[in-house]
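# Examination of the molecular architecture
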Amino acid sequence: MCIRDSNQIELDLTRTFTNTPDKEEIDTLRRILCCYVKRNPTIGYCQGLNFIVAHLLRYLKEEEAFWVLCCLLETILPIDYYSAMIGIMIDQKVFSSLVKSIDPQLCNYLKQINLDPSLVSLQWFICLFSNNLQPDVSDIIWDYLFLNRSKTLFRAGIAIMLLIEKNLLKCSEFRTTLQLSLIHISEPTRPLYISYAVFCLKKK
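Remember, predicted model here, so these are calculated numbers, not experimental data.

Cut-offs used in this document
- Residues numbered from 1 in each chain as written.
- Predicted model: local features only at pLDDT ≥ 70, side-chain atom pairs only at ≥ 80, totals over all residues.
- Heavy atoms only, no water.
- Helix = DSSP H or I, 4+ residues; strand = E, 2+ residues; numbered from the N terminus.
- Buried < 20%, exposed > 50% of the residue type's maximum accessible area, 1.4 Å probe, protein only.
- Contact = heavy atoms within 4.5 Å.
- Areas by Shrake-Rupley, 256 points an atom, 1.4 Å probe, with all protein chains shown as cover.
- Axes fitted to C-alpha atoms, helices over the stretch in contact; angles between N-to-C directions.
- Parallel < 35°, antiparallel > 145°, perpendicular 65-115°, else oblique.
- Nonpolar A, V, L, I, M, F, W, Y, C, P; charged D, E, K, R; others polar.
- Expected span 1.5 Å × (residues − 1).
- Core = buried A, V, L, I, M, F, W, Y, C linked by side-chain atoms within 4.5 Å.
- Phe/Tyr/Trp six-rings, centres within 6.5 Å; stacked < 30°, edge-to-face > 60°.
- Salt bridge = Lys/Arg side-chain N within 4 Å of Asp/Glu carboxyl O.

## Focus: the overall build of the chain
A tally of helices and strands in the chain yields 12 helices and 0 strands. Along its sequence from the N terminus, the chain presents helices and strands in the succession α-α-α-α-α-α-α-α-α-α-α-α. The 204 residues of the chain split such that 50% are buried. In the chain, once contacts between residues fewer than 6 apart in sequence are set aside, the share between residues at least 24 apart is 71%. Counting every atom, the chain has about 10800 Å² of accessible surface; 56% of that belongs to carbon and sulfur.

Set out below in structure tokens:
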């Protein structure tokens, strides 16, 4: 494993948890990330994988979490998704085009305030919606992800953009946009709405 990956993993370990993690949680997360880098040096370590593994560890034992991570990165997602971030950056272009097609009013307003939709969605795609969302929201998206693969990321992103549209139209700068969007998504009824929206988008 290269020094760059090793150093970045160490930096990200404590950033992963919202609470203060114990030593075993940190060690488990480190082992899984380091093992994956050794297994697949082509992908290596990408910031965001720490949140994905942490989410898996909410429900799975260490070895199970490792193999599900392998399945996600090597089967569910396109092979170049995390490789030099090529897949993610391409998907951001596609996502911005989808937002423009589905909701031109929102897209035009974001353009007026110099906010590209990808600036909101980039972290969603990097972390597979496992960070900055309530776990029950992430769980719903992941259920669809395992069933329908990477196209789910677009559907979930569009569903969330439509969900927070009213708040986005009131925003005038990037930080406010993110804060409002995260608060709004965390409201109790939102997981059911997102599930319904993703399902409806799936049928279109």
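Still to come is the rest of the account.
## Quick word on the packing of helix α3 (residues 49–56) against helix α8 (residues 135–148)
The geometry of α3 relative to α8 is characterised by a closest axis approach of 12 Å and an angle of 95° between their N-to-C directions. Relative to α8, the element α3 is oriented roughly perpendicular. Mapping the contact onto sequence places I52, H55 and L56 in α3 and P135, S138, D139 and W142 in α8. For the contact of α3 with α8, a count of residues per class yields 4 nonpolar, 2 polar and 1 charged.

## Observations regarding α8
Counted at 1.5 Å a residue, the expected span for α8 with its 14 residues is 20 Å, and the 20 Å between its end C-alpha atoms agrees. Taken together, the buried positions of α8 are occupied by V137, S138, I140, I141, W142, Y144, L145 and N148. One or two steps after α8, the chain reaches R149, where phi turns positive at roughly 65°.

## Side note on the nonpolar core
I52, Y82, L128 and M161 are the most contacted members of the largest nonpolar core, which has 56 residues in total. In contact with Y82, other than residues within four places in its own chain, are I43, C46, L49, I52, L73, L77, I88, F125, I126 and L128.

## Focus on the packing of aromatic side chains
Taken as a whole and assessed by the stated rule, the structure comprises 7 aromatic pairs. Summarising the aromatic geometry, the rings of Y81 and Y82 are spaced 5.0 Å apart at their centres and angled 85° between planes, so their arrangement reads as edge-to-face. A network of ring pairs unites the aromatic residues F95, W124, F125, F129 and F154 as a single cluster.

## Details of the pattern of salt bridges
What the rule picks out here adds up to 8 salt bridges. We note a salt bridge from D12 to R15, for which the minimum N-O separation is 3.1 Å. Residue classification places D12 among the buried residues on the basis of a relative accessible area of 3%. R31 is paired through a salt bridge with E24; the nearest N and O atoms lie 3.1 Å apart. For R31, a relative accessible area of 35% corresponds to the partly exposed category. According to the relative accessible area criterion, E24 is partly exposed, its value standing at 47%.

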